[in-house]
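Per-entry structural report
What follows is the residue order along each chain.
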Amino acid sequence: FYTSGRTSNEAAFLYQLFVRAFGTNNLPDCSNMCHESSGMGLGETVGIGKGSVTLDDIHEADTIIVMGQNPGTNHPRMLTALQKAKKNGAKIIAINPLPEAGLMGFINPKSPAQVLSGGTSIADLFLQVQINGDVPLLKAMMCLMLEREASAPGTVFDEDFIGLYTEGFDALRAHLEAQRIDALIEASGVTRAELEQAIDIILRSRKTIVCWAMGLTQHKNGVGNVREIVNFLLMRGSIGVPGAGTCPVRGHSNVQGDRTMGIHDRPSQAFLDRLQEAVGFDPPREHDFNTVEAIQAMLDGRAKLFFAMGGNFLQATPDTQRTAEALRKTDMIVHVSTKLNRGHLVHGRQAIILPCLARSEIDDQAYGEQFVTVENSMGVVHSSRGHLKPAHPGLYSESSIVAWLAEKVLGPENPVSWCWYIENYDRIRDLIEKAIPGFERFNERVREPGGFHLYNGARERKFNTDTGKAKFTINPAPDLTLPEGSFRMMTIRTHDQYNTTVYGNDDRYRGIRGGRRVVFMNEADMREAGFEAGARVDLRNDFGGEVRTAPRFTVVPYPIPRRCVGTYFPEANVLVPLEHYAEGSYTPASKDVTVRLSLSS
Ligand SMILES: Nc1nc2c(c(=O)[nH]1)N[C@H]1C(S)=C(S)[C@@H](COP(=O)(O)OP(=O)(O)OC[C@H]3O[C@@H](n4cnc5c(=O)[nH]c(N)nc54)[C@H](O)[C@@H]3O)O[C@H]1N2
Ligand SMILES: Nc1nc2c(c(=O)[nH]1)N[C@H]1C(S)=C(S)[C@@H](COP(=O)(O)OP(=O)(O)OC[C@H]3O[C@@H](n4cnc5c(=O)[nH]c(N)nc54)[C@H](O)[C@@H]3O)O[C@H]1N2
Ligand SMILES: [Mo]
């Protein structure tokens, strides 16, 4: 039972309830491929798997570090917040293998090579990290901060905060002291002088926020990346005070809310206990398949039915050929979708598509027009109401589809009166209030303008870990050696797509027109390999002795670090091995895939 991240709180809550009443926690979701590494890295260290900052914090910050994120294309509204912060005196540091136009403030669609050279930039400092060089970079920065502390004791670390609220600092300090700074700096791809400049900016005050997205989570060490960010913030006491904290920037409009509602293959026992109390049946307790495990289970016949609440599982997941094979092995595939996509074409013995209302459409039920609720990246729950006439009078809402399905599948013995809930979504919200902490007076508070903030312990320095303290952790730097002739490939989004929905063939801020099968490459690497600009090449990955190829990509010279290349998702997903995922979170490591390039025949 897969979920994409657009499903409302109400539909998601009913859906997970149905799935659990049916008898399984098999609830993989797009989060598994997205911010799972963030949820895990933050949960273990600061006790909550969500970011700690609010929009006001961003406006008040003195330093904002934007790592592994391309807000110009993917979070354009965030640029407004960054601009406001800058007006208030904030400095912005971009850490990215690419000089992304939205951050560098230079938008000339015709000339990517000029990106570095002009325009007013949002970023005050650009650190051109190599792909997956973030752990070495952060470690090197922390080592240099140790040096600064040694020469001016009491100026760098927040000893009071560290002593009162955290544990593990001495072990981390010892670990950092044993590092070879030069090796870390070399692995990061930036220079010592640049790191010193970054530290000068950061040390101006404790009000530092780190924002990040897929450039950090989709790595083998994705969880480690997030834990290093936490180390860095904790050292300075830059969490739980105004203008400081963690900011994983999310994707789908309700991916965070879906998790809060219980779309989770590994639910906590506390969540299940409360659910049991609220609804009167005993949900299954054992953990189940995430996205990667679901594909493996379909491949070897342990899963026979695939049900998707939205999304495009075929194209969003890694190893497209194998995922297709997995889906074809099932007995039945059911999609609840707002529009058709290629994923609908690859199915098992039976295929059912249930078209549903989009959130922009009027949802009329027995008690009249309904609204739904969602939760944003900052933990604000607010309402969302459709205004458009439905595309067809026969379309049902996601909540109705779930309720009817539950009623039929579970039969009259099931204690939940499914169809009664959908007459009036206030009833679903009352049930959510009973089952999920933080939703007290849900129906009342969500009707207030702007909605309400969910409680966030980290924001108040209440760290809900097993010891009640925030934790420093030690995270090994990844081995970044590449086999001779290989490259490190990241798969990224263009301006003209929303995940697997491609609206056009341009990527205007990167100067690409009329095609998506392109590979960004450093000019020196091109010369060495003998590729001209515009050359056609085949990409190949040999993970686990299996050959995966993506033929006929056009080479584009680009200011990207040596031995790093970039391609677009989903075209390059055929190259991402299913078994190549983040340790702990199982997020496919689609930002660091080892590939070889050869001229197409
Ligand atoms: N228009 C549009 N908006 C979207 C989406 C969309 O497809 N289109 N998708 C939505 C979703 S679901 C999500 S999750 C977000 C995704 O938002 P982003 O994470 O911004 O999306 P990506 O294109 O994957 O970009 C990743 C960025 O990380 C950088 N990067 C890659 N590898 C590394 C690395 O090793 N280290 C560092 N420091 N940086 C690296 C890339 O150069 C790129 O700038 O956007 C959301 N918004
Ligand atoms: N290589 C590589 N792979 C990636 C990524 C990457 O950066 N690189 N990014 C990953 C990330 S961050 C994510 S979030 C996933 C995205 O994975 P998914 O969420 O599975 O993919 P989408 O393309 O967002 O799904 C779009 C489809 O959802 C349906 N849909 C849209 N809105 C609604 C709605 O309101 N209700 C219902 N029921 N259906 C709806 C439509 O049919 C549409 O075609 O992809 C991941 N895959
Ligand atoms: Mo995402």
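In this text, all values refer to a predicted model and were calculated from it rather than measured experimentally.

Turning our attention to the overall build of the protein. Broken down by element type, the protein carries 23 helices and 24 strands. At 24 Å, the protein has a C-alpha radius of gyration in line with the 25 Å of a compact globule built from 601 residues. Of all 601 residues assigned to the protein, the portion counted as buried reaches 61%. With the model as given, the accessible surface of the protein reaches about 23700 Å², and the carbon-plus-sulfur share is 52%. A distance of 4 Å separates the average location of the 64 positive side-chain charges in the protein from that of its 70 negative side-chain charges.

Around ligand 1 lies a shell of 29 residues, among which Asn96, Glu100, Asp134, Gln497 and Asn499 are the nearest. Contact between ligand 1 and isoleucine 95: a nitrogen atom at 3.1 Å from a main-chain N or O atom of the residue. In the environment of ligand 1, an oxygen atom lies 2.9 Å from a nitrogen or oxygen atom belonging to the backbone of methionine 214. In the complex, the protein chains occlude 96% of the 910 Å² of accessible area that ligand 1 would expose alone. Of all elements in the fold, only helix H4 (71-74), helix H12 (214-217), strand S17 (487-492) and strand S18 (497-498) reach the threshold of two or more residues within the shell around ligand 1.

Attention now goes to the site of ligand 2. The immediate surroundings of ligand 2 are formed by 28 residues, with Ser4, Ala316, Lys339, Glu398 and Thr500 found nearest. Here alanine 316 contributes a backbone N or O atom positioned 2.6 Å from a nitrogen atom of ligand 2. When the free accessible area of ligand 2 is taken as 930 Å², the share hidden by the protein chains comes to 96%.

Attention now moves to the sheet that holds strand S20 (residues 518-521). Here we have six strands rolled up into a closed barrel, ordered S17-S23-S20-S22-S21-S24, and mixed in their pairing. In this sheet, neighbouring strand axes are inclined to one another by 45 degrees on average, regardless of whether the strands run parallel or antiparallel.

Glancing now at the packing of aromatic side chains. This model, assessed by the stated rule, comprises 22 aromatic pairs. A connected cluster of aromatic rings, assembled from ring pairs, spans Phe1, Tyr15, Phe18, Phe22 and Phe307. Arginine 429 extends its terminal NZ or CZ atom over the ring of phenylalanine 371, reaching a point 4.0 Å from the ring centre. Of note, arginine 563 hangs over the ring of phenylalanine 487, and the distance from its end group to the ring centre comes to 6.0 Å.

As a further point, take the pattern of salt bridges. Applying the stated criterion across every chain, the model contains 40 salt bridges. Of the charged contacts in the structure, one is a salt bridge between glutamate 325 and lysine 329, with a shortest N-O distance of 3.9 Å. Of the residues examined, glutamate 325 reaches a relative accessible area of 38% and is grouped as partly exposed. Given the relative accessible area of 40%, lysine 329 is considered partly exposed. Residue arginine 429 is joined to aspartate 426 by a salt bridge in which the shortest nitrogen-to-oxygen separation is 2.7 Å. With arginine 429 and aspartate 426 both in helix H21 (residues 425-435), this residue pair falls three residues apart, about one helical turn. Like aspartate 426, arginine 429 is buried. Linked by salt bridges that have partners in common, Asp319, Arg322, Glu546, Arg548 and Glu579 make up one network.

Residues at a pLDDT of 70 or more form 98% of the protein, whose mean pLDDT is 95. Residue range residues 107-118 is modelled with pLDDT below 50. Its contacts to residues more than four positions away, or to other chains, number 18 contacts.

With respect to topology, five strands assemble into an open sheet ordered S4-S3-S2-S6-S7, the strand pairing being parallel. Unpaired on one side and paired on the other, strand S4 (125-127) and strand S7 (245-248) mark the two borders of the sheet. Neighbour-to-neighbour, the strand axes of the sheet open up by a mean angle of 15 degrees, direction not taken into account. Across three bridges, strand S3 (residues 91-95) lies against S4 in parallel orientation. Of the residues in S4, the one forming a bridge with isoleucine 95 is leucine 127. With respect to the sheet, helix H13 (residues 222-235) is in contact with strand S2 (63-67), strand S6 (208-212) and S7, its orientation differing from that of S6 by roughly 170 degrees.

All right, on to the side chain of asparagine 225 then. Here asparagine 225 lies in helix H13. For asparagine 225, a relative accessible area of 0% gives the class buried. If near-sequence neighbours (up to four positions away) are discounted, asparagine 225 is found in contact with Asn132, Asp134, Val135, Leu138, Leu216 and His219.

Take helix H11 (residues 192-202) next. Along H11, the positions that sit buried rather than exposed are Leu195, Ala198, Ile199, Ile201 and Ile202. Projection of H11 onto a plane perpendicular to its axis shows the buried side chains occupying an angular sector of 155 degrees, all on one side.

Locating phenylalanine 161 in the fold gives a position in helix H8 (residues 159-165). Overall, phenylalanine 161 belongs to the buried group, its relative accessible area being 1%. Residues within four places of phenylalanine 161 in sequence aside, it is in contact with Thr166, Leu234, Gly237, Ile239, Arg461 and Phe463.

Right, let's talk about the pairing of strand S8 (residues 305-309) for a bit. Burial analysis of S8 places four of its five residues in the buried class, which makes it a mostly covered element. Pairing between strand S1 (residues 2-3) and S8: two bridges, direction parallel. Considered in S8, the bridge of tyrosine 2 is made with alanine 308. Of the strand pairs in this sheet, S8 and strand S9 (residues 332-337) are connected by five bridges, and their pairing is parallel. From the neighbouring strand, alanine 308 faces S9, where its bridge partner is histidine 335.

Following both chains from N to C, one finds helix H2 (residues 36-46) and H13 inclined at 40 degrees, their axes separated by 8 Å at the closest point. Looking at the two axes, H2 sits oblique to H13. Along this stretch, H2 crosses H13, giving a crossing that reads as right-handed. Across from Ser37, Ser38, Met40, Gly41, Leu42, Glu44, Thr45 and Val46 in H2, the residues of H13 making contact are Gly222, Val223, Val226, Arg227, Val230 and Leu234. By residue class, the composition of the contact of H2 with H13 is seven nonpolar, five polar and two charged.

So, on to the packing of helix H7 (residues 134-151) against H13. Packed helix pairs are characterised by how far apart their axes lie and by the angle those axes make with each other. Where H7 meets H13, the closest approach of the two axes is 9 Å, and the angle between their N-to-C directions is 20 degrees. What the angle tells us is that H7 and H13 run roughly parallel. Our pair here, H7 against H13, has a crossing hand that is left-handed. Residue-level inspection shows Asp134, Val135, Leu138, Lys139, Met141, Met142 and Met145 of H7 in contact with H13, the latter providing Gly224, Asn225, Glu228, Ile229, Asn231, Phe232 and Met235. Here the residues of the contact of H7 with H13 sort into eight nonpolar, three polar and three charged.

Cut-offs used in this document
- Residues numbered from 1 in each chain as written.
- Chains lettered and ligands numbered in written order.
- Predicted model: local features only at pLDDT ≥ 70, side-chain atom pairs only at ≥ 80, totals over all residues.
- Heavy atoms only, no water.
- Helix = DSSP H or I, 4+ residues; strand = E, 2+ residues; numbered from the N terminus.
- Rg over C-alpha atoms; globule rule 2.2 N^0.38 Å.
- Buried < 20%, exposed > 50% of the residue type's maximum accessible area, 1.4 Å probe, protein only.
- Areas by Shrake-Rupley, 256 points an atom, 1.4 Å probe, with all protein chains shown as cover.
- Lys, Arg positive; Asp, Glu negative; His and termini not counted.
- Charge placed at Lys NZ, Arg CZ, Asp CG, Glu CD.
- Near = heavy atom within 4 Å.
- Polar contact = N/O pair within 3.5 Å; in protein donor to acceptor, adjacent residues only side chain to side chain.
- Pairing = 2+ DSSP bridges.
- Axes fitted to C-alpha atoms, helices over the stretch in contact; angles between N-to-C directions.
- Phe/Tyr/Trp six-rings, centres within 6.5 Å; stacked < 30°, edge-to-face > 60°.
- Lys NZ or Arg CZ within 6 Å of the ring centre and 35° of its normal.
- Salt bridge = Lys/Arg side-chain N within 4 Å of Asp/Glu carboxyl O.
- pLDDT = per-residue confidence, 0-100.
- Contact = heavy atoms within 4.5 Å.
- Arc of directions from axis to C-beta.
- Parallel < 35°, antiparallel > 145°, perpendicular 65-115°, else oblique.
- Left-handed = near helix turned anticlockwise from the far one by under 90°.
- Nonpolar A, V, L, I, M, F, W, Y, C, P; charged D, E, K, R; others polar.

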